[in-house]
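# Structure at a glance
Here is how the chains run, residue by residue.
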Amino acid sequence: MPRPPETLSIRGHGIAGALLAETASAAGFRVKVHDTGLPSASRVAAGLFTPVTGQRLSLSWNAEAALPLCHDVYPALERMLGVSFYTRLPTLRMFSSAAQRREWEGKPRAACVREIARPNLPLNAAFGCVEIDGGGWVNLPVLLDALKARRMARDEWGECPEADLQIDCTGHHASTHPLWKEADWRNAHGEVLTVEIPGLPQNRIYSFEKFLMPLGEERFRLGATYAWDRTDPAPTPQGRAELGNALRGITDLPFIVIDHQAGIRPVAHARVPIAGPHPDQPREWILNGYGSKGVLYAPWICQCILNHWQTGTPLPKEIQAPRRILRQRDRKRTQLHPARGKTALP
Ligand SMILES: Cc1cc2nc3c(=O)[nH]c(=O)nc-3n(C[C@H](O)[C@H](O)[C@H](O)COP(=O)(O)OP(=O)(O)OC[C@H]3O[C@@H](n4cnc5c(N)ncnc54)[C@H](O)[C@@H]3O)c2cc1C
């Protein structure tokens, strides 16, 4: 087993860097974190996590491992930091068409999804609904501020060029970094509104083509849009219109827009997170590519990284950075010179 690192320098304090720093520091590693204050997806994210994904409501990749850790790690951090940021809530999912419902009915059902009678709510749920358990949301700005204060109090905030490992947790900014741009990024611009909807109960998350997440005092976070071709993390009139129209499609209740934010989700190849050393520079690591599931995956992947450093357990194959980058190189090489074929990958 290679010698475990002793000192870690983490670039970026979004959910990726913040949770890794806390996990490593709590396990006795010497940690330094720094953040240049560039636009951060974690600062605009709704913070939702749920075991299921997509129109078919199938289980997310490795949700069986990731979800229990969410339910352990976030409440434990709340207790340790003395702040409140974790809310567990069921999700009411409304089908948007008969075809969508049939598609769900024709697939094996995740145990956390159950059919319910049409609720007596001011919502257009003409095609029926299901309830999804096991999810909730994390108020990421509150968590990140509390973790930053902890890093500063422990003298763990700042740069450390001499550390054993330099770990890139810079979100979508990594996609233009000379070392990491090879990881085949397809980042996704996203927008959210904060809206006030008097008359809509706040005891669940609502999911339709978009989501409505209760914030208290009649307010909800309404999200989110996806645009694959936009690199400027600014809100747009189109995003605002798309979200407003989607809300009008499910309720006649009047609403007021209070706030409008946007950010860029870091999305690497196959929409799976990426972690580990660079194949050519083993001191340079990355932890990134959380896409739209940073809250779900961050605790579990930090645990995997810790196990790797402490016991030599390999990281899950799908997320391994060297393998992913070498594959991209191979793909490019095959596209350029189809006759040469592939090289053997680790
Ligand atoms: C509109 C929207 C809604 C979303 N909703 C959800 C949701 O409900 N649930 C969910 O799980 N995910 C959601 N996401 C996705 C989530 O935001 C991301 O998966 C996650 O925040 C990525 O975290 P990160 O730490 O990798 O990157 P970021 O949060 O972007 O953090 C990167 C940090 O790196 C810093 N940085 C950049 N360059 C450098 C450098 N050179 N040196 C030092 N620091 C640097 C930046 O200042 C920034 O603070 C949403 C995203 C968007 C845009």
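Look up: the structure comes first, before these words.
In this report, we go over the structure that sits alongside the text.

Thresholds, definitions, all that
- Residues numbered from 1 in each chain as written.
- Predicted model: local features only at pLDDT ≥ 70, side-chain atom pairs only at ≥ 80, totals over all residues.
- Heavy atoms only, no water.
- Helix = DSSP H or I, 4+ residues; strand = E, 2+ residues; numbered from the N terminus.
- Polar contact = N/O pair within 3.5 Å; in protein donor to acceptor, adjacent residues only side chain to side chain.
- Contact = heavy atoms within 4.5 Å.
- Pairing = 2+ DSSP bridges.
- Axes fitted to C-alpha atoms, helices over the stretch in contact; angles between N-to-C directions.
- Salt bridge = Lys/Arg side-chain N within 4 Å of Asp/Glu carboxyl O.
- Buried < 20%, exposed > 50% of the residue type's maximum accessible area, 1.4 Å probe, protein only.
- Near = heavy atom within 4 Å.
- Areas by Shrake-Rupley, 256 points an atom, 1.4 Å probe, with all protein chains shown as cover.
- Nonpolar A, V, L, I, M, F, W, Y, C, P; charged D, E, K, R; others polar.
- Core = buried A, V, L, I, M, F, W, Y, C linked by side-chain atoms within 4.5 Å.
- Parallel < 35°, antiparallel > 145°, perpendicular 65-115°, else oblique.
- Left-handed = near helix turned anticlockwise from the far one by under 90°.
- Phe/Tyr/Trp six-rings, centres within 6.5 Å; stacked < 30°, edge-to-face > 60°.

## Here's the deal with the side chain of T236
Assignment of secondary structure puts T236 in the loop between β15 (219-223) and α5 (237-250). A distance of 2.9 Å separates a polar side-chain atom of T236 from the backbone nitrogen of G239. Residues contacting T236, with those up to four places away along its chain left out, are E191, R230 and H260.

## Observations regarding the sheet that holds strand β18 (residues 284-288)
With mixed pairing, 5 strands are arranged side by side in an open sheet as β2-β1-β11-β18-β17. At either margin of the open sheet sits one strand with a lone partner, and together these are β2 (30-34) and β17 (274-277). Direction aside, the axes of adjacent strands within the sheet are offset by 20 degrees on average. Here 3 bridges tie strand β11 (residues 165-168) to β18, and the two strands are oriented parallel to one another. Within β18, the residue paired with Q166 across the bridge is E284. Taken strand by strand, helix α7 (residues 321-336) contacts β17 and β18, and its axis lies near 100 degrees from that of β17.

## Re the pattern of salt bridges
Counted by the stated rule, this structure contains 20 salt bridges. The salt bridge involving E284 is made with R11; its shortest N-O contact spans 3.9 Å. Of the two residues, E284 is situated in strand β18 and R11 in strand β1 (residues 7-11); the sequence distance between them amounts to 273 residues. Residue classification places E284 among the buried positions, given a relative accessible area of 17%. Close ionic contact of E103 with R56 constitutes a salt bridge, the shortest N to O distance being 2.7 Å.

## Considerations on the site of the ligand
With respect to spatial proximity, 35 residues lie near the ligand, and among them D35, L38, S42, L48 and G291 are the closest. Here A16 contributes a backbone N or O atom positioned 3.0 Å from an oxygen atom of the ligand. Within the backbone of L48, a nitrogen or oxygen atom sits 2.8 Å from an oxygen atom of the ligand. Considered on its own, the ligand offers 1,000 Å² of accessible surface; in the complex 94% of this is hidden by protein. Residue composition of the shell around the ligand, by class: 13 nonpolar, 17 polar and 5 charged.

## Some thoughts on the pairing of strand β14 (residues 211-216)
The pairing of strand β13 (residues 205-207) with β14 spans 2 bridges and is antiparallel. Following the sheet pairing, Y206 is matched in β14 by L212. Adjacent in sequence and paired antiparallel, β13 and β14 are bridged by 3 residues. Both β14 and β15 contribute to a ladder of 5 bridges, which runs antiparallel. When the sheet's bridge partners are listed, M213 is paired in β15 with R221. A loop of 2 residues connects β14 with β15, the two strands running antiparallel in sequence, and E217 in this loop sits at a positive phi of about 50 degrees.

## Regarding the nonpolar core
Residues Y74, L143, I167, L287 and W309 are the most contacted members of the largest nonpolar core, which totals 49 residues. Among the secondary structure elements, those contributing two or more residues to this core are β1, α1 (15-26), β2, α2 (63-81), α4 (140-153), β11, β18 and α6 (294-311). Sort the elements by how many residues they give to this core and α6 lands first, with 11 residues.

## Thoughts on the sheet that holds strand β7 (residues 91-94)
Pairing within the open sheet is mixed, and its 8 strands lie in the order β8-β9-β7-β13-β14-β15-β12-β16. The open sheet has two edge strands with one neighbour each: β8 (113-116) and β16 (256-265). Taking the axes of each pair of neighbouring strands and ignoring which way they run, one obtains an average angle of 25 degrees across the sheet. Contacting β7, β8 and β9 (129-132), helix α3 (residues 98-105) crosses the sheet at an angle of about 130 degrees to β8. Seen against the sheet, α5 touches β7, β12 (188-196), β14, β15 and β16 and runs at an angle of roughly 55 degrees to β12.

## Points about the packing of α1 against α6
Between α1 and α6, the least distance of the axes is 9 Å, while the angle of their chain directions is 40 degrees. Looking at the two axes, α1 sits oblique to α6. For α1 against α6, the interelement crossing comes out right-handed. Contacts between α1 and α6 pair I15, L19, L20, T23 and A24 from the former with G294, A298, P299, C302, I305, L306 and W309 from the latter. Among the residues making up the contact of α1 with α6, the classes are represented as 10 nonpolar, 2 polar and no charged.

## Description of the packing of aromatic side chains
Per the counting criterion, the structure on display carries 10 aromatic pairs. Taken together, a centroid distance of 6.3 Å and an interplanar angle of 25 degrees make the contact between Y74 and Y86 stacked. One end of the pair, Y74, is in helix α2; the other, Y86, is in strand β6 (residues 86-88), and 12 residues separate them in sequence. One exposure class covers both Y74 and Y86, and it is buried. Seen from their ring centres, Y297 and W300 are 6.4 Å apart, and the 50 degrees between their planes marks the pair as tilted. Here W300 and Y297 lie together in helix α6, a separation of 3 residues that amounts to about one turn. On the accessibility criterion, W300 (9% relative accessible area) is buried.

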